[in-house]
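Below, each chain spelled out in residue letters.
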There are 2 protein chains.
Amino acid sequence: MGNEKQTFIKNPTFKWVGTRPVRPDGMDKVTGRAAFGADYQLPGMLVGEVVRSPHAHARIKSIDVSAARALAGVHAVVTAEDFPDLPSEIAAGGEAPINFRDVSHNVIARHKALYEGHAVAAVAATTAAIAAHAVALIKVNYEVLPHVIDVREAMRDNAPLLHDDLFTTGIDPQPTTPSNIAGRTQFVLGDIAQGFAEADIIVEREYTTQPVHQGYIEPHACAAAMGADGMATIWTSSQGHFMVREFCAKLLKVEIGQIRVIPAEIGGGFGGKTTVYLEPLAMALARQSGRPVKMVMTRSEVFRASGPTSGTHVWVKLGAKRNGTLTAGEMILKYQAGAYPGSPAMLGGMTGFAPYDLKHAKAVCYDVVSNRPKCAAYRAPGAPMAAFGVESALDEIAQQLGLDPLELRAMNAAKAGTRALYGPKFLEIGYAETLAAAKAHPHYSAPLGPNQGRGIASGFWFNIGGQSSAAVHVNEDGTAEVVTGNPDIGGSRASMAMMAAEVLGIDLAKVKPIIGDTAQIAYSFLTGGSRVTFATGMAVVEAAQDTVRQLRERAAKLWKVEFAEVEWRDGMAYCTRTTEEPRAPLSMAAIAHSCAKTGGPISGTASINASGAGPGFGTHLCDVEVDPETGAVKILRYTAIQDVGRAIHPSYVEGQLQGGAVQGIGWALNEEYIYDQQGRLLNPGFLDYRMPVASDLPMIDTVLVEVPNPGHPFGVRGVGEVPIVPPLAAVANAVSRAIGIRMTDLPLSPPRILATIDRAKRST
Amino acid sequence: MGNEKQTFIKNPTFKWVGTRPVRPDGMDKVTGRAAFGADYQLPGMLVGEVVRSPHAHARIKSIDVSAARALAGVHAVVTAEDFPDLPSEIAAGGEAPINFRDVSHNVIARHKALYEGHAVAAVAATTAAIAAHAVALIKVNYEVLPHVIDVREAMRDNAPLLHDDLFTTGIDPQPTTPSNIAGRTQFVLGDIAQGFAEADIIVEREYTTQPVHQGYIEPHACAAAMGADGMATIWTSSQGHFMVREFCAKLLKVEIGQIRVIPAEIGGGFGGKTTVYLEPLAMALARQSGRPVKMVMTRSEVFRASGPTSGTHVWVKLGAKRNGTLTAGEMILKYQAGAYPGSPAMLGGMTGFAPYDLKHAKAVCYDVVSNRPKCAAYRAPGAPMAAFGVESALDEIAQQLGLDPLELRAMNAAKAGTRALYGPKFLEIGYAETLAAAKAHPHYSAPLGPNQGRGIASGFWFNIGGQSSAAVHVNEDGTAEVVTGNPDIGGSRASMAMMAAEVLGIDLAKVKPIIGDTAQIAYSFLTGGSRVTFATGMAVVEAAQDTVRQLRERAAKLWKVEFAEVEWRDGMAYCTRTTEEPRAPLSMAAIAHSCAKTGGPISGTASINASGAGPGFGTHLCDVEVDPETGAVKILRYTAIQDVGRAIHPSYVEGQLQGGAVQGIGWALNEEYIYDQQGRLLNPGFLDYRMPVASDLPMIDTVLVEVPNPGHPFGVRGVGEVPIVPPLAAVANAVSRAIGIRMTDLPLSPPRILATIDRAKRST
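Residues numbered from 1 in each chain as written. Chains lettered and ligands numbered in written order. Predicted model: local features only at pLDDT ≥ 70, side-chain atom pairs only at ≥ 80, totals over all residues. Heavy atoms only, no water.

Asker: Whenever I open this one, the overall build of chain A confuses me. Can you help?
Answerer: Within chain A, the secondary structure is distributed over 22 helices and 28 strands. Over its C-alpha atoms chain A spans a radius of gyration of 27 Å, differing by no more than 12% from the 27 Å that the globule rule assigns to 764 residues. Projected onto the principal axes, the alpha-carbon positions of chain A cover approximately 95 × 75 × 50 Å. The burial tally for chain A puts 63% of its 764 residues in the buried class. Partitioning the intrachain contacts of chain A with sequence separation of at least 6 by distance along the chain shows that 79% fall at a separation of at least 24. Within the structure as shown, chain A displays about 26500 Å² of accessible surface, and the carbon and sulfur contribution to it stands at 53%. Across chain A, the mean location of the 69 positive side-chain charges is 0 Å away from that of the 74 negative side-chain charges. (Helix = DSSP H or I, 4+ residues; strand = E, 2+ residues; numbered from the N terminus. Rg over C-alpha atoms; globule rule 2.2 N^0.38 Å. Buried < 20%, exposed > 50% of the residue type's maximum accessible area, 1.4 Å probe, protein only. Contact = heavy atoms within 4.5 Å. Areas by Shrake-Rupley, 256 points an atom, 1.4 Å probe, with all protein chains shown as cover. Lys, Arg positive; Asp, Glu negative; His and termini not counted. Charge placed at Lys NZ, Arg CZ, Asp CG, Glu CD.)

Asker: Sorry if this is basic, but what is going on with the sheet that holds strand β7 (residues 119-125) of chain A here?
Answerer: Sheet strands pair by backbone hydrogen bonding; their relative direction is either parallel or antiparallel. Residues and elements named next belong to chain A. Taking strand neighbours across the sheet as the criterion, the seven strands line up as β3-β7-β1-β14-β11-β12-β13 in an open arrangement whose pairing is mixed. Of all strands in the sheet, those with a lone pairing partner are β3 (74-79) and β13 (259-263), marking the two edges. With direction set aside, neighbouring strand axes in the sheet form an average angle of 20°. Taken together, the five bridges between strand β12 (residues 232-236) and β13 define a ladder with parallel strand orientation. Considered in β13, the bridge of T236 is made with P263. Where helix α5 (residues 128-137) meets the sheet, it contacts β1 (46-52), β3 and β7, and its direction lies at approximately 25° from that of β1. (Pairing = 2+ DSSP bridges. Axes fitted to C-alpha atoms, helices over the stretch in contact; angles between N-to-C directions.)

Asker: Please explain the interface of chain A and chain B as it appears in this structure.
Answerer: Accessible area lost upon the coming together of the parts is a frequently used measure of interface size. On the chain B side, the residues contacting the 53 residues of chain A number 53 residues. Summed over both sides, the interface between chain A and chain B buries roughly 4000 Å², with carbon and sulfur atoms accounting for 49% of that surface. The largest contributions to the chain A side of the interface with chain B come from E476, Q520 and P601 of chain A, which together make up 17% of the buried area. Seen at the junction of chain A and chain B, the total is eight salt bridges. (Buried area = accessible area lost by both parts, 1.4 Å probe. Salt bridge = Lys/Arg side-chain N within 4 Å of Asp/Glu carboxyl O.)

Asker: Quick question: what am I supposed to make of the domain arrangement of chain A here?
Answerer: Residue and element names in this part refer to chain A. Structurally, chain A comprises domain 1 (26-31 + 465-610), domain 2 (44-145 + 217-268 + 273-305) and domain 3 (312-420 + 427-463 + 614-763). For domain 1 and domain 2, the distance between their C-alpha centres works out to 39 Å. Taken together, the 22 residues of domain 1 in the interface contact 17 residues of domain 2. Across the domain 1 to domain 2 interface the summed buried area is about 1500 Å²; carbon plus sulfur atoms make up 64%. Counting the surface domain 1 buries against domain 2, the share from its top three residues, P487, T518 and L526, is 38%. Along the contact surface separating domain 1 from domain 2 lie three salt bridges. Here K29 and E265 are joined by a salt bridge, their closest N and O atoms 3.2 Å apart. (Domains from an automatic or database assignment.)

Asker: Would you explain the side chain of R409 of chain A in this entry?
Answerer: Residues and elements named next belong to chain A. Along the chain, R409 turns up in helix α13 (residues 405-412). A relative accessible area of 0% places R409 in the buried class. One polar contact links the side chain of R409 to the main-chain carbonyl oxygen of I456, over a distance of 3.5 Å. Excluding residues within four positions of it along the chain, R409 makes contact with Y356, E391, L394, D395, Y431, L435, I456, A457, S458 and N733. (Polar contact = N/O pair within 3.5 Å; in protein donor to acceptor, adjacent residues only side chain to side chain.)

Asker: Sorry if this is basic, but what is going on with the packing of aromatic side chains here?
Answerer: In this description, a pair of aromatic rings is defined by centroid distance and the angle of the planes. Applying the stated criterion to the full structure yields 40 aromatic pairs over all chains. Ring centres of Y40 of chain A and W235 of chain A lie 6.3 Å apart, and the angle between their planes is 35°; on these two criteria the pair is classed as tilted. With Y40 of chain A in the loop between α2 (26-31) and β1 and W235 of chain A in strand β12, this pair connects stretches of sequence that are 195 residues apart. Taking the relative accessible area as the measure of exposure, Y40 of chain A reaches 18% and is therefore buried. The buried category is assigned to W235 of chain A, whose relative accessible area is 15%. Seen from their ring centres, Y673 of chain A and Y689 of chain A are 5.7 Å apart, and the 85° between their planes marks the pair as edge-to-face. Residue Y673 of chain A is found in the loop between α20 (650-669) and β28 (701-705), and its partner Y689 of chain A is found in the loop between α20 and β28; the two are separated by 16 residues along the sequence. What makes Y673 of chain A buried here is its relative accessible area of 5%. Judged by relative accessible area, which is 0%, Y689 of chain A ranks as buried. Taken together, the aromatic side chains of Y356, Y422, F426, Y431, F460, W461, F462 and F617 of chain A make up a single cluster linked through ring pairs. The ring centre of Y574 of chain B lies 3.9 Å from the NZ or CZ of R569 of chain B, which sits over that ring. (Phe/Tyr/Trp six-rings, centres within 6.5 Å; stacked < 30°, edge-to-face > 60°. Lys NZ or Arg CZ within 6 Å of the ring centre and 35° of its normal.)

Shown next, in the form of structure tokens:
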């Protein structure tokens, strides 16, 4: 196998890998045949609605559901009492540890509501109108408590406490008084005191970013049915139906084997659909009513009750010699977790300095709870905020030293052998190549006009592997299904089919990609972490190789020759025995057609825990023009350059780069949560929460750099997360250069820029 | 593996095999959650209806669909022109060769309608009322032709010809004039002339049976959707979704990979759902309309247009010595195929003499077309009619020689080493054991009253193996899914889960059986031929063994010991290394929980072509009382005894024996198709086509004889088909003995018996 992988990497020509075929799910999606989370309709189905806390922080003294229950058409009402009270214990999660007690309490509040929108009860009724009426009839007796929204305020000693049993971890000795600081994590490399002592210049600044929502088009939606025998089926739009199955089993204390999850199409996730909100409620309502229950969030509920990424406060200190060599870096990261611990502060600390070869570095990461919805993963969780600080500081160093910002980065770029602050030494990476490509790109040498600025910034993401399964079922006519267990968000149907067709050597049109449900394909971890094309792709490659092995065995049987005498090329078996009459090659269809005679159906499978995900690096160029009258920023030109290892389907990869850039631009320029004094969200909708739309932006240019990942048979690296890491700094650096003032607080909205310009005018 | 199979057979104690747990699909079926063929509802779904020929035989001169097409709400109209005209060629089928041209023409008539009810067009409209209106608007210009219904009439030289390109096969030289005799097949063992010369007595008689319908409760029903990209999904109740996929691909000339078939629950099949009727029509209508189409047959359509088993004329000659030793047997079998070739005449010829050690035997089988719906498989296809003749003749020999009919059979019984007329020598079989069990049963020695008679008869079925696939997916908590590709008709969910739990050594409740769709599990041949518990069960056993191997590997990794040092017992891994500190046993759940660390998800699979199906034999005892005033037959007592190899779930096996006996009783006593002079069916409904209901029958007693099949790891033999083979003769022998007159023509309905009694009275 090892050798075959090497062969693939070195093979300069592919039949399918690197081409741009029409997407296999395209027709379904443009003609409306694809079924999303809200598209399932079952006989007798009820509508489920959620009762949500109107308070940012309140003790739930009692809940009276009697009037709701008595309403005709209401079939079920559930509160926290319908769920087991789980112990607080940290389970090994996929990307981060999971405390299922917190997940449970976030799904339905127990004792306290911790943010406006927190679910406190749920009802199921025959119609949406009756369900809404029932919601209104549920009387919750709240004792409103003082609340805290901001991360730094939440860290203060006298801040309102969310959890009286939360004690900061990572401090020795562990504190005995509760705190909103859930944890402190630190990473140290070398000796930063020595590093800063070696510096000729030091830049030290504080940066803030606002929580931003993933903004997927499809709100959370699911349907659940549960029989009297305790067997449940859930149809849901998620980033992982195996995750939904496990989480629901944990939260309802049933066996995993009792639940089957059918993956719906997913209308965007970006990390925000890697946990459960509605599914356990729908399941509990279905169990109580004995009928299927459908639940669909409104957009307002999505904003108020599903997780954005953290708002952050990041302090960065960077030292450099006069020639630009970085000597030391230090970061303190304070990340909002929302109502329960688990911000990606640690990931910020691990990633911020990763693009650079720093001998001395340190990061201290604080995970802080406050009265906001529990944060969820969002594309490269934690990394963009740290990169915003580091890449802004680098820009300042470049300005102060009069260096080209790309050259400053190039001279300090991490490469194979560089030890990262978070531990490992890099193998083959392509960061320097992205810098070189940026330098060579016409964008970088294009002239700029008045009020215009060019920002550059880079970004890093680990990319992960993990557990995936795949099966290749060969049909009687030589066509094949390729089954995997990952929802297709970024085009994995296409890439899985292409990799399978490449290994099998057959026409792509003969390969049908299928997303298997939890009962029909073996376990597969989330679609997230930029892992699917890498890890699930590796499972597909191995399953296809297993299939080729079987096809060769069958050909050997038909020819009565040894296995080693059968070669597989271009979807055909060739016999290499030369001592007898030559045997005509056998097509996959011919071998499939006679499989009954040679042992039965041909089906290759693989279940793996993939390691060797290749770290990803990107460099973005951004030109802006700032209107000095209004403070409005116009993105003039944007180029995203990234080492993608190997682009299986370049159009999809370019789409990932474009999408990440656009989301990062929104984060940099406009998106923020606006709360009133009572801790109520004032802008829970796309009219007031301003995401960039097509008319706001130029076409995002992309450059794919391919430094193959030696850990994958085709050299694939994850690509989905890196592109959201650089934009915050790229935009801020561009704006800072355009207006001549360093901008450190996001979003760079017109009022803020105007105020900054005015303040600067006044002080000069 | 071979050794392990032996171990299973010899192991006298099982944890699950042989027990009677609650069926896993029971709750779904009694609460209505199970989705049958007609239970699927899709957005925009149309209703499909079929235009059927009112004539038994007619040339289709033209079809004018313009008025139907113009009707508001009609979205598609198809005729044979919408299907490719396939070449006539015999493809290797599963149980019998298949001519897809004939299948296609049977699904929708091309040029000629060959029976009343033959589909000639189909429509799809927004409502059933509009569809019915559209059906009425379709103008078919027929030229009515002379028709033929009866098998012997159809064989005459001057009979109306159904196909002018049908020439009898199996005759040397092949005739050059067309005929309704599609084929002649002959089996010869020894020298019958010599055999009959050795006989002291010879019985020679003609027997007739009527076509009978499988009478499944659920009519044929399906839904189909097809996208503009040519990708189709079909939801259907069938005995094999892989069969539906292949047949639809063939009939619509698309690739197999373009079609996904989702198996619905099936409300009975008994062989009648091993082909397609509606599915290709629904698919063509869906393709034309761009919308999903649902089609459900009425009961009348089921009778008029789906396949019963053949009506037959069987001539039997049997010779014996005075002591009862059989010296020779000869049969001529004439079986109706319906409108297209393919009756099970050959299977009748192969099975009729199979229970007996005959040195000299011969069977000549004729497959004959006539203007009736094309016959379909029905439980032990072809065997009951041949057994009716042979077992009746044996009863006469016993009577003439004054022998106990069980002893006559016992002294001639086939055993291990006996060569059957159809070729093979039997391995371990349990026919003699069923005779001994019958002899010992209290039923056999119970007294009889006036007008009462006791019939005994035996029966044989091959049972088959074939291609099956299975997967065992181990979940994170040690529960598991067992996925197979066969619709569960006779309880295979239960037996698959039990066999998996037995091999895994875990609690049955931890194992969830799943019927995979065509895209999610590898190819599996039909649920039919009494093959599923045997062949698919073998795949499940192998997949579970593969899983145990993986579990042992993982335990070895966790313990850092050799694979051989890990034993698997009772769902736990035990370490046999004694040189170090003892290692606590690891449960399946513990190993599953840590699978990421040891290589990824644990999932065992198997795809096999199972051979070694054990032949099955049964002996039935039947007591009747005949009312001499009315001719009505009352079944007083009935005992079905059968060698089942090993009963995985004895209740289901007993149910198979009971169900087979009841269907055979209906065939013997009441069921028949009544045609008018124009060849139109007069009794297409359960009111006039009289199947036995519970109140007609006593509880059918059963005795399970277990002579393990050496070809299966648990000793399983197929059990579903044997029990319909003896009843025709058992009932007829009982009636013959009760009234003292040999009855040779079925059904033994009151008018026929009364007429026989009256005729006998008149002649004495």
